Amino acid sequence: MSTATAAPAKIEVRDLKKSFGHNEVLKGISASVAEGEVVCVIGPSGSGKSTFLRCLNKLEDITAGHVTVDGFDVTDPKVNINEVRRHIGMVFQHFNLFPHMSVIENIMLAPVESKKASQTEARATAYRLLERVGLAEKADARPASLSGGQKQRVAIARALAMSPDIMLFDEATSALDPEMVGEVLQVIKDLAAEGMTMVLVTHEMGFAREVADRVLFMADGVICEEGKPEDLFGNPQQQRTQEFLSKVL
Ligand code: ADP
Ligand code: MG
């Protein structure tokens, strides 16, 4: 058969709504992310970016609409959400490393606890991931002895230890001192170059412009505008987007 079929969406979001009590935070979001695509989500504080990201792996209960990951509808009670989550790595603003464990133990924990790998395999994988983020020499250090940028690189390695095929980042560099932002962004860029499917909420407009295949601008719980970075940043169509960009660029 020579019929070309479009690659199925890795993540498909249909009319997603999320309320906290009477506060409707997401007011009907539809978006899709293709395999290997890097999508950056930008927008003012409080616009619902984190809530949107957290709905993708159902860290938040979804009020209405559908989120499908690799063809599995996470809103379907018959779908095993833990199985879906194993394919999705998530990195937060605050690194949430376990302070009483060494760096390498932090990275080994999930693969060992989920019985995905033996201790020996998990250690070898963790070490390889530490090399990849440039921190092999910190394997036996405690998180407290690391800089913020190093902690975040460990958090990324930890997320990668489960071999996810989707990575979600929620303002992964916002808590870092400026001189440490670059080293973390570089790790994310490397992942993008390797073809990882990623959704990144970010305040780093220069980074979004450079690394994103597509940018979503969120405001007041809706996607107000979306497009290729050169279009969205270079020639925004909506007044709301123009106002936001004029404040942050
Ligand atoms: P952003 O990440 O764009 O800054 P958020 O998704 O964090 O926005 O928040 C959007 C809105 O949802 C805010 O008004 C916030 O107060 C509200 N919100 C977020 N999480 C909760 C929660 N767990 N309970 C109640 N309200 C929440
Ligand atoms: Mg947020």
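Residues numbered from 1 in each chain as written. Chains lettered and ligands numbered in written order. Predicted model: local features only at pLDDT ≥ 70, side-chain atom pairs only at ≥ 80, totals over all residues. Heavy atoms only, no water.

As named in an unreviewed UniProt entry, the chain is ABC-type polar-amino-acid transporter, taken from Arthrobacter oryzae. Taken verbatim from the UniProt record of the chain, the Catalytic activity (unreviewed entry) comment is "a polar amino acid(out) + ATP + H2O = a polar amino acid(in) + ADP + phosphate + H(+)". (UniProt positions renumbered as here; feature names shortened; annotations may be inferred.)

J.: Just to check I follow, could you spell out the nonpolar core for this structure?
T.: Nonpolar side chains tend toward joint burial in soluble globular proteins. Counting 54 residues, the largest nonpolar core has Ile156, Met167, Phe169 and Met198 as the members making the most contacts within it. A per-element tally of this core places helix 6 (residues 178-193) first, with eight residues. Residues contacting isoleucine 156, with those up to four places away along its chain left out, are Val91, Met167, Phe169, Val184, Val187, Ile188 and Leu191. Counting 30 residues, the second largest nonpolar core, distinct from the first, contains Ile11, Phe52, Leu56 and Ile223. (Core = buried A, V, L, I, M, F, W, Y, C linked by side-chain atoms within 4.5 Å. Buried < 20%, exposed > 50% of the residue type's maximum accessible area, 1.4 Å probe, protein only. Helix = DSSP H or I, 4+ residues; strand = E, 2+ residues; numbered from the N terminus. Contact = heavy atoms within 4.5 Å.)

J.: Can you help me understand the packing of aromatic side chains in this one?
T.: Remark: the centre distance and the inter-plane angle together describe each pair of aromatic rings, the angle taken between the planes. Scanning the entire structure with this criterion turns up one aromatic pair. On the basis of an interplanar angle of 40° and a centroid distance of 5.2 Å, the ring pair of phenylalanine 217 and phenylalanine 244 is categorised as tilted. Of this pair, phenylalanine 217 sits in strand 9 (residues 214-219) while phenylalanine 244 is found in helix 9 (residues 239-248), placing the two residues 27 residues apart along the sequence. Judged by its relative accessible area of 0%, phenylalanine 217 falls in the buried class. Phenylalanine 244 gets classed as buried once you look at its relative accessible area, which sits at 9%. The ring of phenylalanine 20 carries the charged tip of lysine 18 above its face, separated from the ring centre by 4.8 Å. (Phe/Tyr/Trp six-rings, centres within 6.5 Å; stacked < 30°, edge-to-face > 60°. Lys NZ or Arg CZ within 6 Å of the ring centre and 35° of its normal.)

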